[in-house]
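For reference, the chains in residue letters:
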Amino acid sequence: MPKLDTDYVRRQFPALTDDVVFLDNAGGSQVAKPVFDRMNEFMIGANVQLGATYGTSVAASRKVAEGRAALATLLNADRPEEVVMGATATQLFDQLAQSLVQHWVPGDEIVVSNFDHEANIGPWRRLEQRGIVVKTWEISNDTRKPEAEDLAPLLGPKTRLVAMTHCSNIFGGINDVRAIADLVHDYGAMLCVDGVAYAPHRAVDVKALDADFYGFSVYKTYGPHHAALYGKYDLLRHKAGNINHYFYGEDKVPNKLEPGNPNYELSYSCVGVIEYLEGLASAHGINVSGRAAVEASFDLIADHETALSERLLAYLRSREDVTIVGEQSSERNLRVPTISFVIAGQSSREIVEAVDPSGVGIRFGDFHSKRLVQALDLGDADGVIRVSAVHYNTLDEMDRLIERLESAV
């Protein structure tokens, strides 16, 4: 496997300059050029309502369908109809909850965690108002990882769904979704996975994971401010209720879960994410397209991100006053380059604010994983310091951050 050509990569992201180092990518990545090229194409040549018989409307309908198909390719879904589109993952998980509960009855049970982003906790907890029993899968105090042995006692004949994250936006650690899916399915329940923190770093394969539902933010994966939710087709058709207009039938998948329609130009611009990944593979001598290009490109990305992680983690491990929150190894199968830490006797806010003038963008807080940060009891009201790299970051940028951290503490 060739080494990632970061000069090539950075040329594909016009927002990148030497003046600003973007290390807050878990909040939103920069946008690849093919994405806004596609967006402009739609806005100039196809900005009409879908569904009419005249030529421009037919073209617009085709382009939105191409965007949905691109997201299906990114997820390795069986068919485009398995992709529900919307503004954010938070919104889509809420829509899914409101759809599924139509087929549940008071006393049915769901399991949520205390280690997810609130997007995949809050919508399910609110179903308590409908008589649904909500149980909490808590992170292990010993391993600080979600353990299947802690989940198993919460499952039973009334369990309808378990919600979990593929990768923590605090820890950066990758969870074994397939093992959890197998356990959940043994009880006849469904698994809903938050892949927001995973999708920018590794190729998502919903079939290999056997996830029933899987959501992620396209705007954190080099695309527009858009999101996607995968659902197995039979589940979307038969287990999910209609939250759109009353005359949308139960078999109108996925539109019955897209009230008001998704944003058209953002949907079409998702084609540009696949184009970017295909170009990345080609630039490294890997001449494939579609799903093969997604997998090849993320393989390149994973190796480069491992080096980025190790550069920062090695520095943090060398300091006795630093506590790394989560996985300390940089091994690519264990973590992504979202790295959180606290410094003994130091305010996370003050450290980040000391770094800010250098033009290096990092962040402090709980990142909407408030339940997790509270459970960790880190002793800092300002939460953790988080550095979140992606593949367009460089080792030189990591060194620039480390130099600034060294002077700040």
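Remember, it's a predicted structure, so these values are computed and weren't measured experimentally.

## Section: the packing of helix H12 (residues 290-317) against helix H15 (residues 395-408)
Part 1 of the argument: Where H12 meets H15, the closest approach of the two axes is 9 Å, and the angle between their N-to-C directions is 15 degrees. Overall, the two elements H12 and H15 adopt an arrangement that is roughly parallel. In the crossing of H12 with H15, the sense of the turn from one axis to the other is right-handed. Taking contact as the criterion, the partners of Ala307, Leu308, Arg311, Leu312 and Tyr315 in H12 are, on H15, Leu395, Met398, Asp399, Leu401, Ile402, Leu405 and Glu406.
Part 2 of the argument: Partitioning the contact of H12 with H15 into residue classes produces nine nonpolar, no polar and three charged.

## With respect to the pattern of salt bridges
Part 1 of the argument: For the coordinates displayed, the defined rule picks out 31 salt bridges.
Part 2 of the argument: The salt bridge partner of Lys207 is Asp78, with a shortest N-O separation of 3.1 Å. In this pair, Lys207 sits in helix H8 (residues 206-209) while Asp78 sits in the loop between helix H3 (55-75) and strand S2 (83-86), placing the two residues 129 residues apart along the sequence.
Part 3 of the argument: Since its relative accessible area comes to 56%, Asp78 is described here as exposed.
Part 4 of the argument: Where salt bridges share partners, they join Arg38, Glu41, Lys63 and Glu275 into one cluster.

## Here's the deal with the pairing of strand S13 (residues 384-388)
Part 1 of the argument: Where burial is concerned, most of S13 is hidden: five out of the five residues are buried.
Part 2 of the argument: Where strand S12 (residues 363-365) lies against S13, three bridges are found, and the strand directions are antiparallel. Counted as the bridge partner of Phe364 is Ile385 from S13.

## Observations regarding the domain arrangement of the protein chain
As a measure of interface size, the accessible area lost when the parts come together is often cited.
Part 1 of the argument: Domain parsing of the protein chain yields domain 1 (6-30 + 290-408) and domain 2 (36-272).
Part 2 of the argument: Summarising the inter-unit geometry, the C-alpha centres of domain 1 and domain 2 are found 26 Å apart.
Part 3 of the argument: Contacts between the two partners involve 42 residues from domain 1 and, on the opposite side, 36 residues from domain 2.
Part 4 of the argument: Counting the surface lost from both domain 1 and domain 2, the interface buries some 3100 Å², and carbon and sulfur atoms represent 56% of this.
Part 5 of the argument: Among the residues domain 1 hides against domain 2, the three largest losses belong to Arg291, Phe298 and Arg371. Together they make up 23% of the total.
Part 6 of the argument: Taken together, domain 1 and domain 2 are joined by three salt bridges.
Part 7 of the argument: Between Arg371 and Glu118 there is a salt bridge, with its nearest N and O atoms 2.8 Å apart.
Part 8 of the argument: Joining domain 1 to domain 2, the criterion identifies 21 residue pairs in polar contact (both at pLDDT 80 or more).
Part 9 of the argument: Of all the elements, H12 adds the most residues to the side of domain 1 that touches domain 2, at eight residues.
Part 10 of the argument: The residue inventory of the side of domain 1 that touches domain 2, partitioned by class, reads 21 nonpolar, 12 polar and nine charged.

## Regarding the packing of helix H11 (residues 271-283) against H12
For any two helices packed against each other, the geometry is given by the interaxial angle and the distance between the axes.
Part 1 of the argument: Viewed as axis vectors pointing N to C, H11 and H12 meet at an angle of 65 degrees, and their least axial separation amounts to 8 Å. You can see that H11 and H12 cross each other, and the crossing is left-handed. Contacts between H11 and H12 involve Ile274, Leu277, Glu278, Leu280 and Ala281 on the former and, on the latter, Gly290, Ala293, Val294, Ala296, Ser297, Phe298, Leu300 and Ile301.
Part 2 of the argument: Classifying every residue of the contact of H11 with H12 gives 10 nonpolar, two polar and one charged.

## Here's the deal with a negative patch on the surface
Part 1 of the argument: Together, Glu138, Asp142, Glu149 and Asp150 give the surface a local cluster of negative charge.
Part 2 of the argument: Counting through the fold element by element, Asp150 comes out in helix H6 (residues 148-151).

## What about the sheet that holds strand S7 (residues 213-217)?
What links the strands of a sheet is backbone hydrogen bonding, and the strands pair in either a parallel or an antiparallel sense.
Part 1 of the argument: Pairing in this open sheet of seven strands is mixed, and the strands run S2-S8-S7-S6-S5-S3-S4 from one edge to the other. Both edges of this open sheet fall to S2 and strand S4 (133-137), since each of them pairs with a single strand only. Each adjacent strand pair in this sheet contributes to an overall mean axis angle of 20 degrees, direction not counted.
Part 2 of the argument: Where strand S5 (residues 159-165) and strand S6 (residues 190-194) come together, five bridges link them in parallel fashion.

## What about the packing of aromatic side chains?
Centre-to-centre distance and the angle between the planes together describe a pair of aromatic rings.
Part 1 of the argument: Counted according to the given criterion, the structure contains nine aromatic pairs.
Part 2 of the argument: Ring centres of Phe42 and Tyr268 lie 6.2 Å apart, and the angle between their planes is 45 degrees; this geometry places the pair in the tilted category. You can see Phe42 sitting in helix H2 (residues 33-45) and its partner Tyr268 sitting in helix H10 (residues 264-269), a full 226 residues away along the chain.
Part 3 of the argument: A residue is classified by how much of its surface remains accessible, and Tyr268, at 1% relative accessible area, is buried.
Part 4 of the argument: Look at Tyr246 and Phe247: their rings are 5.2 Å apart centre to centre, the planes differ by 80 degrees, and that puts the pair in the edge-to-face class.

Rules of the game
Residues numbered from 1 in each chain as written. Predicted model: local features only at pLDDT ≥ 70, side-chain atom pairs only at ≥ 80, totals over all residues. Heavy atoms only, no water. Axes fitted to C-alpha atoms, helices over the stretch in contact; angles between N-to-C directions. Helix = DSSP H or I, 4+ residues; strand = E, 2+ residues; numbered from the N terminus. Parallel < 35°, antiparallel > 145°, perpendicular 65-115°, else oblique. Left-handed = near helix turned anticlockwise from the far one by under 90°. Contact = heavy atoms within 4.5 Å. Nonpolar A, V, L, I, M, F, W, Y, C, P; charged D, E, K, R; others polar. Salt bridge = Lys/Arg side-chain N within 4 Å of Asp/Glu carboxyl O. Buried < 20%, exposed > 50% of the residue type's maximum accessible area, 1.4 Å probe, protein only. Pairing = 2+ DSSP bridges. Domains from an automatic or database assignment. Buried area = accessible area lost by both parts, 1.4 Å probe. Polar contact = N/O pair within 3.5 Å; in protein donor to acceptor, adjacent residues only side chain to side chain. Patch = residues over 30% accessible without salt bridge, like charges linked within 9 Å, V, L, I, M, F, W, Y side chains within 5 Å. Areas by Shrake-Rupley, 256 points an atom, 1.4 Å probe, with all protein chains shown as cover. Lys, Arg positive; Asp, Glu negative; His and termini not counted. Charge placed at Lys NZ, Arg CZ, Asp CG, Glu CD. Phe/Tyr/Trp six-rings, centres within 6.5 Å; stacked < 30°, edge-to-face > 60°.

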